[in-house]
2 protein chains.
Amino acid sequence: DEGRHQFTLKTAKETLTGKYGEDSKLIYDLKDQGGELLSLRYDLTVPFARYLAMNKVTNIKRYHIAKVYRRDNPAMTRGRYREFYQCDFDIAGQYDPMIPDAECLKIVHEILSELELGDFRIKVNDRRILDGMFAVCGVPDDKFRTICSTVDKLDKMSWEDVRSEMVKEKGLSEEAADQIGQYVSLQGGMDLAERLLQDAKMSQSKQACAGLTDMKQLFSYLQLFQVTDKVVFDLSLARGLDYYTGVIYEAILTQTGPVPVAATQNGAGEKAEEGVSVGSVAGGGRYDGLVGMFDPKGRKVPCVGVSIGIERVFSIMEQKAEASAEKVRTTETQVMVASAQKNLLEERLRLTAELWNAGIKAEVMYKKNPKLLSQLQHCEDSGIPLVAIIGEQELKDGVVKLRTVHSREEIDVSRAELVEEIKRRTSDV
Amino acid sequence: DEGRHQFTLKTAKETLTGKYGEDSKLIYDLKDQGGELLSLRYDLTVPFARYLAMNKVTNIKRYHIAKVYRRDNPAMTRGRYREFYQCDFDIAGQYDPMIPDAECLKIVHEILSELELGDFRIKVNDRRILDGMFAVCGVPDDKFRTICSTVDKLDKMSWEDVRSEMVKEKGLSEEAADQIGQYVSLQGGMDLAERLLQDAKMSQSKQACAGLTDMKQLFSYLQLFQVTDKVVFDLSLARGLDYYTGVIYEAILTQTGPVPVAATQNGAGEKAEEGVSVGSVAGGGRYDGLVGMFDPKGRKVPCVGVSIGIERVFSIMEQKAEASAEKVRTTETQVMVASAQKNLLEERLRLTAELWNAGIKAEVMYKKNPKLLSQLQHCEDSGIPLVAIIGEQELKDGVVKLRTVHSREEIDVSRAELVEEIKRRTSDV
């Protein structure tokens, strides 16, 4: 696990001192950069928005996997770090409503399905529906954000505790709190959006109606994408970040057992993380105002995006592999070029280069006379599936003994057919 | 070009302020981290060595592409940044001499050949040969490093200027300088290493002999790897970094024309960069002492590595593409799902999802009724090779009109055979 965190950007100065000779003057100390107050990036979304504004990009679709920094309390054992990876996908541009939003959800569905992390659900809601709901329930305008962040805790607190926080800590009226309570218990699909559009109170809010109309549209696209089996319109989904303006979503793993233990860890994708719900592995939403905040003329570029909590996903995958006693393959190497006899280093190197030149991922031990057993053991340990063994006899016959590591089966393959045979036998790994 | 530099880790604090709501407290300011003096990493080699020592890793082979930071004068127009990517490959472990070293050179050869950047040469030398040479030429011990860094300037200064710097600025005797001058003019291969082993003066240095013996060994492996056509043993190659202990190398582009202009840019891989020779695109060497400097007990892990100057490589590739008026493909998308008629958004989305589910990289315009021309234009612009066009007639007939963008040829393909047909037609892109 440490392997994914091996290279940190910040480094104690003494680590670098005395290593670079005359170039040392170029070491980038952060202490005295001309009085600028600098920060390390907190997520990938805000820098993305700034980039679009600065470079006048009006439409783009991209993914980005990179590190972000949080001045949080690290908890190494729970996979929670101050420096960690995020994996974001965003679509920016002025388009017809809900088409890119639906694609983001399709992508979350596809990733979580393909990774086989267990059953999952994707909750969706809309900032406009939340704000409309707060308005019609009698929440004062200036309390929308703080009440919203209390609602956001429903995934880890009971309704009673959430209600109590709203009323006692945040000064909301009991009546308003109870009305919110009725709405946030609702879950459904296109039908629920339809019903709320007819709802006497909700339909009074233009904002809510706009959100609900879009929600219906979204579900119609999700049907075309065949992902409605996992998507739930859930009025309790709030999400804390200020920059969301429309649809918001969050994917959670619903399986019980050893997996959700890992899934409760923090420190992964922030959009996913902030929910801190058990098993939250992805999240995101629409942020139509963020680019405009960086544009000198305030020009807006509508955006929608998703963040996959890859550190969390990896830790779940590792725990699953551990639980099933399955070896995680740590190499892409297809074949190890080996020998049982001495003084064949040159022949091993020659064959290795032949395989490399043919596009085969081959490895060879950097020893003049390694033992066959240690060569085979290395394949077992790192999951290399094949061994190409050469000896005096094989060289004379123009063949290679190709050994399948897991079955220990060995066959003679002519040198001319070796590349194709290796490709054939490793096409599935 | 800006695209590769879009996401910076350091961010003006105001960029982040007011975006995250209650989470803002987690923003990682670098100003007051408990009085620690922090630096951003300068290269990938020193952090790699520290990682090996801290985690007691005694052998590993890995590549790493990531950003490093230099407090250098940025020159954006010449592709020289304070923040830029490096691409390193290293082999750590106690092995028989020169086998991993040869693999590093094979990899440089393979990368530069496959990228088709033009003709290149890889210069090799050895720190021990340099030090032995300095010793037998009468350079005082305490001047080895400074004389070495003057020799390193031979790729951009004449011998006269280098000699003058050694004698006038660094106080070397004229006699010693002239003896160095004779050696550093030598270039060759295994034969030169052989000859220098017999050289009356050079053979007096044990260090030089060890380096020359290894150089012969290295060339014998390079012959097996079939890369000697590009590799030259060059006694003028010095390289500045303190941490090298054995073989050193540097790859340069030798082609003239528009390419070397880009190649003179700085700001790319440091191992490549420090040479600052015209066209330096990769470099590296053996550093057997670095890991031990981080190990509490001083345990050594021998290492050899190479750094590819990927920013420089990219800028050369872009210039070549520009010069040949060739369009750089900016997408991996295989097919655009399009329509000439109105009201077919749903059908387009359905087909797109079908293709996605079959593993095809498909795109669709996020508009209800885009014009066919704008859909085709987008394919032209971004290099999408195929368009799957549907209309009322195609839907009725259960076919798709598959258009090849560059030839404008269109054929009807049955819906059932579409995936295979797309795969067949895009297998080479």
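Conventions used here
Residues numbered from 1 in each chain as written. Chains lettered and ligands numbered in written order. Predicted model: local features only at pLDDT ≥ 70, side-chain atom pairs only at ≥ 80, totals over all residues. Heavy atoms only, no water. Axes fitted to C-alpha atoms, helices over the stretch in contact; angles between N-to-C directions. Helix = DSSP H or I, 4+ residues; strand = E, 2+ residues; numbered from the N terminus. Parallel < 35°, antiparallel > 145°, perpendicular 65-115°, else oblique. Left-handed = near helix turned anticlockwise from the far one by under 90°. Contact = heavy atoms within 4.5 Å. Nonpolar A, V, L, I, M, F, W, Y, C, P; charged D, E, K, R; others polar. Buried < 20%, exposed > 50% of the residue type's maximum accessible area, 1.4 Å probe, protein only. UniProt positions renumbered as here; feature names shortened; annotations may be inferred. Polar contact = N/O pair within 3.5 Å; in protein donor to acceptor, adjacent residues only side chain to side chain. Pairing = 2+ DSSP bridges. Phe/Tyr/Trp six-rings, centres within 6.5 Å; stacked < 30°, edge-to-face > 60°. Salt bridge = Lys/Arg side-chain N within 4 Å of Asp/Glu carboxyl O.

Residues and elements named next belong to chain A. The geometry of helix 8 (residues 190-198) relative to helix 9 (residues 206-224) is characterised by a closest axis approach of 9 Å and an angle of 160 degrees between their N-to-C directions. Between helix 8 and helix 9, the angle is such that the two are roughly antiparallel. Like other packed secondary-structure pairs, helix 8 and helix 9 cross with a definite hand, here left-handed. Residues Met190, Ala193, Glu194, Leu196 and Leu197 of helix 8 lie in contact with helix 9, whose contacting residues are Cys209, Leu212, Thr213, Met215, Lys216, Phe219, Ser220 and Gln223. A per-class count over the contact of helix 8 with helix 9 returns eight nonpolar, three polar and two charged.

All names here are of chain B. Among all positions of helix 6 (residues 159-169), only Val162, Arg163, Glu165, Met166 and Val167 are buried. Considering only its buried residues, helix 6 is in contact with helix 5 (144-151) and helix 7 (174-184). Just past helix 6, the residue Gly171 takes up positive phi, approximately 70 degrees.

Residues and elements named next belong to chain A. In the numbering adopted here, UniProt assigns the feature "binding site: L-histidine" (unreviewed entry) to Asp43, Leu44, Thr45, Arg70, Gln86, Asp90, Arg239, Tyr243 and Tyr244. Relative to the assigned elements, Asp43 resides in the loop between strand 3 (38-40) and helix 2 (45-54). Take Asp43: its relative accessible area is 0%, and that puts it in the buried class. At 3.3 Å, the side chain of Asp43 forms a polar contact with the backbone nitrogen of Thr45. Relative to the assigned elements, Tyr244 resides in the loop between strand 8 (231-234) and strand 9 (247-253).

What follows deals with the sheet that holds strand 7 (residues 187-188) of chain A. All names here are of chain A. Spatial ordering of the open sheet is given by 4-5-11-10-9-6-8-7, a layout of eight strands whose pairing is mixed. Two strands close off the open sheet at either side, each with one partner strand: strand 4 (60-69) and strand 7. As judged from the five bridges shared by strand 10 (residues 280-286) and strand 11 (residues 303-308), these two strands associate in the antiparallel manner. Residue pairing in the sheet places Arg286 in a bridge with Val304 of strand 11. Strands strand 4, strand 5 (83-92), strand 9, strand 10 and strand 11 of the sheet are contacted by helix 13 (residues 310-323), whose axis makes an angle of about 120 degrees with strand 5.

Another aspect to go through is the sheet that holds strand 15 (residues 399-404) of chain A. Residues and elements named next belong to chain A. Spatially, the five strands line up as an open sheet ordered 13-12-14-15-16, and their pairing is mixed. Each end of this open sheet is capped by a strand with a single partner; those strands are strand 13 (362-364) and strand 16 (410-414). Across the sheet, the axes of successive neighbouring strands diverge by a mean angle of 30 degrees, strand direction being ignored. As paired strands, strand 14 (residues 386-390) and strand 15 are joined by four bridges and run antiparallel to one another. Residue pairing across strands places Ala388 opposite Leu402, the latter belonging to strand 15. The strands touched by helix 14 (residues 345-357) are strand 12 (335-339), strand 13, strand 14 and strand 15; relative to strand 12, the strand with the most contacts, the crossing angle is about 160 degrees. Strands strand 12, strand 13, strand 14 and strand 15 of the sheet are contacted by helix 15 (residues 372-382), whose axis makes an angle of about 170 degrees with strand 12.

With the rule as written, the count across this model stands at 10 aromatic pairs over all chains. Look at Phe225(A) and Trp356(B): their rings are 5.3 Å apart centre to centre, the planes differ by 55 degrees, and that puts the pair in the tilted class. Taken as a pair, Phe225(A) in the loop between helix 9 and strand 8 and Trp356(B) in helix 14 (residues 345-357) lie in two separate chains rather than in one. Side by side, Phe225(A) and Trp356(B) carry an identical accessibility label, which is buried.

The final tally for this structure, using the stated rule, is 50 salt bridges over all chains. A salt bridge links Asp119(A) to Lys230(A); its shortest N-O distance comes to 2.6 Å. Linking Asp119(A) in the loop between helix 3 (99-115) and strand 6 (120-126) with Lys230(A) in the loop between helix 9 and strand 8, this pair joins segments that are 111 residues apart in sequence. When its relative accessible area of 41% is taken as the criterion, Asp119(A) is described as partly exposed. Residue Glu394(B) is joined to Lys401(B) by a salt bridge in which the shortest nitrogen-to-oxygen separation is 3.7 Å. When its relative accessible area of 13% is taken as the criterion, Glu394(B) is described as buried. By relative accessible area, Lys401(B) is classed as partly exposed at 25%.

Between two packed helices, the angle of one axis relative to the other and the distance separating the axes together describe the packing. Residue and element names in this part refer to chain A. Contact geometry of helix 6 (residues 159-169) with helix 7 (residues 174-184) gives a least axis separation of 10 Å together with a crossing angle of 145 degrees. Remark: the crossing between helix 6 and helix 7 carries right-handed chirality. Together, Trp159, Arg163, Met166 and Val167 of helix 6 and Glu174, Ala177, Asp178, Ile180, Gly181 and Val184 of helix 7 make up the contact between the two elements.

Further remarks concern unusual backbone geometry. All names here are of chain A. Even without being a glycine, Lys56 presents a positive backbone phi close to 50 degrees. For Lys56, the location among the structural elements is in the loop between helix 2 and strand 4. What makes Lys56 exposed here is its relative accessible area of 59%. For Asn343, which is not glycine, the phi torsion reads 60 degrees and is therefore positive. Inspection of the secondary structure assignment puts Asn343 in the loop between strand 12 and helix 14. Under the relative-accessibility criterion, Asn343 is labelled exposed at 66%.

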